[in-house]
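# Breakdown of the fold
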Amino acid sequence: MKKVFSLAAAFVLTVQLSAQTNAFQKTTWKIESISADGKAVLKKAKKINLPTEQSKFHFLQFGTDKFDTGNSCFHMDGRYSIFEPNTIEFSAGAADMAGDCKEPKSLTGTYTFIFKNDTVELTPAEKIDYDEPMPEVGGFNENESVETAEKAATDTQKSPDKSKKKSAGKTKK
């Protein structure tokens, strides 16, 4: 009986901790602005009962690991993940739009976030291009590296010989 109680208590604690680390879970936000550089400002809003209720503003609503976004004539869903430190990643899913609707800017990709009272600021995270050489590797010259390694090996091989000759000469005297 103690083991069952301990397991149940551990499960409840784990669920509470995961809910505490995901401040977006089960929240709704009005997208106040998305600037040309991708920065966004969101303001906490009342939950929208999707799909029966239509939004009168551009919104972002979070579930456990999914999100919905849109306005009165556009809707998109997707998945999100929270990473430390204060990083959120949006992956777009399915979208639908009315014929006379202009698609609003959407949040996709990775952002860092900062909470300020009832608002949150999202800033696009710097993207890493893995095909681009890293700055410290950019000037890498394989031939120079091989030559340097060969010279070091030759110098290493020569240096013990010199010390043997010197010590051999000292013993002859």
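Read on for an overview of the structure. (Residues numbered from 1 in each chain as written. Predicted model: local features only at pLDDT ≥ 70, side-chain atom pairs only at ≥ 80, totals over all residues. Heavy atoms only, no water.)

### So, the sheet that holds strand β7 (residues 109-116)
Around the barrel, which closes on itself, the eight strands sit in the order β1-β2-β8-β7-β6-β5-β4-β3 with antiparallel pairing between neighbours. Here the strands of the sheet are splayed against their neighbours by 35° on average, with no regard to which way each runs. Summarising the sheet, strand β2 (residues 40-45) and strand β8 (residues 119-124) pair through four bridges and their orientation is antiparallel. From the neighbouring strand, A40 faces β8, where its bridge partner is L122. (Pairing = 2+ DSSP bridges. Helix = DSSP H or I, 4+ residues; strand = E, 2+ residues; numbered from the N terminus. Axes fitted to C-alpha atoms, helices over the stretch in contact; angles between N-to-C directions.)

### Observations regarding the environment of V41
Residue placement: V41 occurs in strand β2. Judged by its relative accessible area of 29%, V41 falls in the partly exposed class. Separated by 80 residues in the primary sequence, V41 and E121 have C-alpha atoms spaced 4.7 Å apart. (Buried < 20%, exposed > 50% of the residue type's maximum accessible area, 1.4 Å probe, protein only.)

### Here's the deal with the pairing of strand β6 (residues 87-97)
Of the strand pairs in this sheet, strand β5 (residues 74-83) and β6 are connected by nine bridges, and their pairing is antiparallel. Within β6, the residue paired with G78 across the bridge is A92. The turn linking β5 back onto β6 is made up of three residues, and N86 within it adopts a positive phi angle of 50°.

### Some points on the packing of aromatic side chains
Summed over all chains, the structure comprises 10 aromatic pairs. Measuring from ring centre to ring centre gives 6.2 Å for F62 and F90, while their planes differ by 35°; the resulting arrangement is tilted. Here F62, found in strand β3 (residues 59-62), pairs with F90, found in strand β6; they are 28 residues apart in sequence, far enough to count as distant. Just as F62 is buried, F90 falls in that class too. Aromatic rings pair up to connect F24, W29, F62, F67, Y80, F90, Y111, F113 and F115 into one cluster. (Phe/Tyr/Trp six-rings, centres within 6.5 Å; stacked < 30°, edge-to-face > 60°.)

### What about the side chain of T119?
Structurally, the position occupied by T119 is in strand β8. There is a polar contact of 2.8 Å between the side chain of T119 and the backbone oxygen of K116. What T119 contacts, discounting residues up to four positions off in sequence, is W29, L42, K43 and I114. (Polar contact = N/O pair within 3.5 Å; in protein donor to acceptor, adjacent residues only side chain to side chain. Contact = heavy atoms within 4.5 Å.)

### Considerations on the side chain of T27
Within the secondary structure layout, T27 lies in the loop between α1 (2-21) and β1 (28-34). A polar contact of 2.5 Å, which involves the side chain of T27, links it to the backbone oxygen of F24. Apart from residues no more than four positions distant in its own chain, T27 is found in contact with K44, L60, Q61 and F62.

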